[in-house]
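Here's the letter readout for the chains.
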Amino acid sequence: MSDLLNIAGKTYQSRLLVGTGKYQDFKQTRAAIDASGAEIITVAIRRTNIGQTVGEPSLLEFLPPEQFTYLPNTAGCYSADDAVRTLRLARELLDGHQLVKLEVLGDPNTLYPNMIETIAAAKVLVKDGFDVMVYCSDDPIIAKQLEEIGCCAVMPLASLIGSGMGILNPWNLQIIIANANIPVLVDAGVGTASDAAIAMELGCQGVLMNTAIAAARDPILMASAMKKAVEAGREAYLAGRMPKKLYAATPSSPTTGLIQS
Amino acid sequence: MQLTINGKPAHFDASTFSVENLVTHLNLIGKRIAIECNGEIVPRSQFSVRQLVEGDQLEIVGAVGGG
């Protein structure tokens, strides 16, 4: 059965998108990403370390851009202007690459997104030809507005970045998914495999995570667990779960032919 | 001339040179980088012709691990 994720006109086998931060080293980063099966990986754009040792390994050597779809992010940006500037640099850096992850934060302690700045940046980026996957609050109205602006995917938080608190408001996510004509992916807050499965069971098109894998005791094993969870959740969503009821009165085993004492 | 590179002052004896000369000087040849001069991106194709002058503010960025 072919059930592909479609983002901005390109299809992907994997519905798990992963970050590349917080790992011990690039070798572990690569091993975890291989175990996750992810095809889309996020990267941050930062000032180059001037005067660094010649031949010092770079992330790109371990994760060749020919093998993965890079999703440059705007992590650390607190204004629309900074986010736009960062992604224009990313586009130059990645030879005209247009698929980006927009996130504009509002508070350095909670890392809660600033949706007013995010919307402002999204408008500029879409007009400038970027394919914008946008990190957002789980507000259904905001999510719809981001779609109307022309973003190619909305990515509401499950809970705060790096918190591992899981899906705190499945009801809002359901409303966002029901109203959306573009892919909805959960981004941020996933803590363990069941969180990812629940996101997929709700009907999300994918899940993006970093810390849940990188901060696990065994990141490579957790990456494998997340791959299975996303696949399991997706299949359960497509299969259509049985309705919940308080009790059944009709057991799975036959009610006749019982031995009698 | 004095330039500002990634927020830090940098002094050079020459009065002007190209972005490409700077990239060579900083051992960044072959590295995947993007450069902004005074807030405007300098496309890679312009590195050899774009001359830097006193006071130019440069940002040199690369891709790093992130979520």
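Residues numbered from 1 in each chain as written. Chains lettered and ligands numbered in written order. Predicted model: local features only at pLDDT ≥ 70, side-chain atom pairs only at ≥ 80, totals over all residues. Heavy atoms only, no water.

### Notes on the nonpolar core
Ranked by size, the top nonpolar core spans 71 residues in total, and within it Leu102, Leu146, Met209 and Met226 of chain A carry the most contacts. In terms of residues, this core owes the most to one element, helix 3 (residues 80-93) of chain A, which gives seven residues. When sequence neighbours within four positions are dropped, the list of residues in contact with methionine 209 of chain A reads Leu16, Leu17, Val18, Gly19, Val190, Ala196 and Met226 of chain A. Counting 19 residues, the second largest nonpolar core, distinct from the first, contains Phe12, Ile35, Cys37 and Leu58 of chain B. (Core = buried A, V, L, I, M, F, W, Y, C linked by side-chain atoms within 4.5 Å. Buried < 20%, exposed > 50% of the residue type's maximum accessible area, 1.4 Å probe, protein only. Helix = DSSP H or I, 4+ residues; strand = E, 2+ residues; numbered from the N terminus. Contact = heavy atoms within 4.5 Å.)

### Focus: helix 1 (residues 26-36) of chain A
All names here are of chain A. Taken residue by residue, helix 1 has Gln28, Thr29, Ala32, Ile33 and Ser36 as its buried positions. Considered in projection along helix 1, the buried side chains sweep an arc of 130° and stay on one side of the axis. Residues of helix 1 that are buried sit in contact with strand 3 (16-19), strand 4 (40-47), helix 2 (59-62), helix 8 (211-214) and helix 9 (219-239). Sitting at the head of helix 1, aspartate 25 places a side-chain oxygen 3.3 Å from the backbone nitrogen of lysine 27. Backbone geometry just downstream of helix 1 places glycine 37 in the positive-phi region, at approximately 75°. (Arc of directions from axis to C-beta. Polar contact = N/O pair within 3.5 Å; in protein donor to acceptor, adjacent residues only side chain to side chain.)

### Some thoughts on the interface of chain A and chain B
Each partner contributes to the interface: chain A provides 29 residues, whereas chain B provides 25 residues. Of all residues in chain A, Arg47, Glu92 and Leu93 of chain A give up the largest surface area on contact with chain B, accounting jointly for 27% of the area buried on that side. The interface formed by chain A and chain B contains four salt bridges. Linking arginine 44 of chain B and aspartate 95 of chain A is a salt bridge whose minimum nitrogen-to-oxygen distance equals 3.1 Å. At the boundary of chain A and chain B, one finds 18 residue pairs in polar contact (both at pLDDT 80 or more). (Buried area = accessible area lost by both parts, 1.4 Å probe. Salt bridge = Lys/Arg side-chain N within 4 Å of Asp/Glu carboxyl O.)

### Examining unusual backbone geometry
Residues and elements named next belong to chain A. At aspartate 95, a position not held by glycine, the phi torsion is positive, near 55°. Its location among the elements puts aspartate 95 in the loop between helix 3 and strand 6 (99-102). Non-glycine residue leucine 111 carries a positive phi angle of around 60°. Examined against the element boundaries, leucine 111 turns out to sit in the loop between strand 6 and helix 4 (115-127).

### Overview of the pattern of salt bridges
All names here are of chain A. Taken as a whole and assessed by the stated rule, the structure comprises 12 salt bridges over all chains. With a shortest N-O distance of 2.8 Å, aspartate 187 and lysine 101 are connected by a salt bridge. Of the two residues, aspartate 187 sits in strand 9 (residues 185-187) while lysine 101 sits in strand 6, which places them 86 residues apart along the sequence. Take lysine 101: its relative accessible area is 3%, and that puts it in the buried class.

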